[in-house]
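Architecture and fold: a report
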Amino acid sequence: MSKVIVVGAGAAGCVAAAYAAKNGNDVLLLERNDKIARKVLITGKGRCNVTNAENDTDKLISNISHNGRFLYSAFTQFCTQDTRELFEGLGVPLKTERGYRVFPQSDRAMDIVDALNRFITQNGVKRKKERITDLIIENEAVKGVVSESGESYYADSVIIATGGKSYPKTGSTGDGYKLAGQAGHSIVTPRPSLVALKCREGFCSEAMGLSLRNSAIRVIDTKTGKQIYSDFGEMLFTHFGVSGPMILSASAHMDNMEPARYEIYIDLKPALSEEKLDLRLQRDLLESSNKQLSNSLGLLLPRAIINPVIKLSGVKASTVSNQITKEMRQKIVHTIKNMKLTVLDFESIDSAVVTSGGVSCKEINPKTMESKLCKGLYFAGEVIDVDAYTGGFNLQIAFSTGFIAGSSQP
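Heads up: these notes are all about the structure in this document. (Residues numbered from 1 in each chain as written. Predicted model: local features only at pLDDT ≥ 70, side-chain atom pairs only at ≥ 80, totals over all residues. Heavy atoms only, no water.)

1. With respect to the pattern of salt bridges
On inspection of all chains with the given rule, the structure shows 22 salt bridges. Residue Arg191 pairs with Asp255 through a salt bridge whose shortest N-O separation is 3.1 Å. With Arg191 in strand β12 (residues 187-193) and Asp255 in the loop between α8 (245-251) and β17 (262-267), the pair connects residues that are 64 residues apart, well separated along the chain. Of the residues examined, Arg191 reaches a relative accessible area of 15% and is grouped as buried. Classification of Asp255 by relative accessible area gives partly exposed; the value is 33%. A salt bridge links Arg261 to Asp221, with the shortest nitrogen-to-oxygen separation between them at 2.9 Å. Taken together, the residues Arg261 in the loop between α8 and β17 and Asp221 in strand β14 (residues 211-221) connect sequence positions 40 residues apart. Owing to a relative accessible area of 5%, Asp221 belongs among the buried residues under this scheme. Overlapping salt bridges, with partners in common, bring together Arg32, Arg131, Glu148 and Asp175 in one network. (Salt bridge = Lys/Arg side-chain N within 4 Å of Asp/Glu carboxyl O. Helix = DSSP H or I, 4+ residues; strand = E, 2+ residues; numbered from the N terminus. Buried < 20%, exposed > 50% of the residue type's maximum accessible area, 1.4 Å probe, protein only.)

Dropping the structure here:
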C-alpha cells in the first residue's frame, strides 16, 4: 500500500483521491477550505454543467482551446460517458440540454458536491484542513508536503490539484504554481479565460443589463485581419463591456490581449438578411410614419439598444419616420447587422470561469499525469495548462485528469 497525498479538494482533487483510494492506497486529501469543491457550487450559475454529452474524443478535443492533444489519453481512458455513469451511480440523475450540456435533473450544483463527498468517503479517503506551502523533495523525487502551519506530511506520491487563479474566494489562488515551481516546472503565465470583456464603447453601460438571446457575433483580430471566432446565442451588456455565454467563449480565443487588438461585430438580427431587414424596417417606419425615429424601432429592437443603434448609424434620432431616406435605412440596417465593439481588456482573472496557463504540458506525462521532472509528483485539473470553452468541457478535464492521476497510483 502506497501513501498518497492529494492537495486540493476541488473536482479534480476529489476524483483523484477517490480513485487512488479505490486502488487500495492510503490517501490523505488536504484542502485549505472547510468544505470541498467550493468552485463546483458556482458553476453553471449554480446549476453545475457537470459535463458534455459529446462522447467522440476528437470532437471533445476540438472544444479545448489550449493543448487539446495533451488530453487525448485522458479522454480516452475517462470520457464524458464515464462521468455521467459516475454521478448517476452516486445517486445524481442527470439531464442533457442544448449544446449537449449535462446538468443534474435537480438543477442543484450542491447535488454534485454531495456526490463527490460521498465518493471520497465511501472509498476511505482521509481529509484534513491544511494549506500546503511547500513540497518535500529528495533526489528529484517528492517525499511529502509542508503546511502553512509548519507541519510535514510524508507520502510516496503527491497529486497537486489546487486549481488556477480564477475565483480566488473559492480557494484558487495559484498555490499549485508555486509548488510546481519548487519541483522545477515551467509555468505558462496564467491569464483569464471564459471571462467578460471590457470595451471602449460607452453605449455598453447605456444598455447595461440587456440580455440578447438570439444574436450572433464575429471576432476580428485586427493584427491579422482574420476572423478568429463566430457564434450564435446569448450575450449580456455590462457597465464595462459585455459578458454572457458567447462572449465568454470568444474570450478563450483572444491570445496576447492588447487594447483594441480585437473587435466584436454583433448581428442583432441574424435570422434576417440585410434585404429582409430593410423590408421589415420599411414596414415599421410606415406604421409609425409621424413618430420620431427613436420611437419607431420598438417592435424591431429592445428599448435599451435603440439609441445606441441610432447614434452609431449617424441618423438623427429626432428624424420623423416618414422622412427617413433609403440611404438612412441602409445605415441603420448595416449598424443592426454589424454593431462594433472594441475590446480593451479582459475583466479581472478573479471573475474568470477558468484560468488559461499553468504547469507546462510538455513537462507532464499525458498517460499518467506524472511529472517528467520529479518522480512521484502528479497534477490534475486547472493547475495544468489546459482550458476549454463553455459547455461542461472544463469540468470534464478535471474529472478525466483526476481519474488518470488517481488511477496511476500503484
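Right, picking up where we left off after that structure.
2. What about the packing of helix α1 (residues 11-22) against helix α5 (residues 109-122)?
Between α1 and α5, whose axes approach to 8 Å, the crossing angle comes to 25 degrees. Classified by the interaxial angle, the pair formed by α1 and α5 is roughly parallel. Where α1 crosses over α5, the two elements pack in a sense that is left-handed. Packed against α1, whose contacting residues are Ala11, Cys14, Val15, Ala18, Tyr19 and Lys22, the element α5 presents Leu116, Phe119 and Ile120 at the interface. Class assignment for the residues of the contact of α1 with α5 results in 8 nonpolar, no polar and 1 charged. (Axes fitted to C-alpha atoms, helices over the stretch in contact; angles between N-to-C directions. Parallel < 35°, antiparallel > 145°, perpendicular 65-115°, else oblique. Left-handed = near helix turned anticlockwise from the far one by under 90°. Contact = heavy atoms within 4.5 Å. Nonpolar A, V, L, I, M, F, W, Y, C, P; charged D, E, K, R; others polar.)

3. With respect to the side chain of Asn52
With respect to the helices, strands and loops of the structure, Asn52 is situated in strand β3 (residues 51-52). Within the structure, Asn52 has its side chain in polar contact with the backbone oxygen of Gly99 (distance 3.0 Å). Excluding anything up to four places from it in sequence, Asn52 contacts Thr80, Gly99, Tyr100, Arg101, Val102, Gly391, Gly392 and Phe393. (Polar contact = N/O pair within 3.5 Å; in protein donor to acceptor, adjacent residues only side chain to side chain.)

4. A closer look at the sheet that holds strand β11 (residues 157-160)
Across the sheet, 5 strands lie side by side as β7-β2-β1-β11-β20; this open sheet has parallel pairing. The outermost strands of the open sheet, each flanked by one partner alone, are β7 (126-129) and β20 (377-379). Here the average twist between neighbouring strands, direction ignored, is 20 degrees. Pairing analysis gives 5 bridges linking strand β1 (residues 3-7) to strand β2 (residues 26-31), with the strands arranged parallel. Along β2, the bridge assignment pairs Val4 with Val27. Against the sheet, α1 makes contact with β1, β2 and β11, and its axis sits at roughly 165 degrees relative to β2, the strand it touches most. (Pairing = 2+ DSSP bridges.)

5. A closer look at the environment of Leu373
Within the secondary structure, Leu373 sits in the loop between β19 (354-359) and β20. Along the sequence, Leu373 and His185 sit 188 residues apart, while their C-alpha atoms lie 7.3 Å from each other. In this view, Leu373 contacts Glu140, Ala183, Gly184, His185 and Glu363; residues no more than four positions away in its chain are not counted.

6. Comments concerning the packing of aromatic side chains
A full pass over the atoms with the stated rule returns 6 aromatic pairs. Their ring planes at 75 degrees and their centres at 6.1 Å tell us that Tyr19 and Phe78 sit as a pair that is edge-to-face. With Tyr19 in helix α1 and Phe78 in the loop between α3 (72-77) and α4 (80-89), this pair connects stretches of sequence that are 59 residues apart. The buried category is assigned to Tyr19, whose relative accessible area is 13%. On the basis of an interplanar angle of 75 degrees and a centroid distance of 5.2 Å, the ring pair of Tyr19 and Phe119 is categorised as edge-to-face. Here Phe119 lies in helix α5 and Tyr19 lies in helix α1, a separation of 100 residues in the sequence. (Phe/Tyr/Trp six-rings, centres within 6.5 Å; stacked < 30°, edge-to-face > 60°.)

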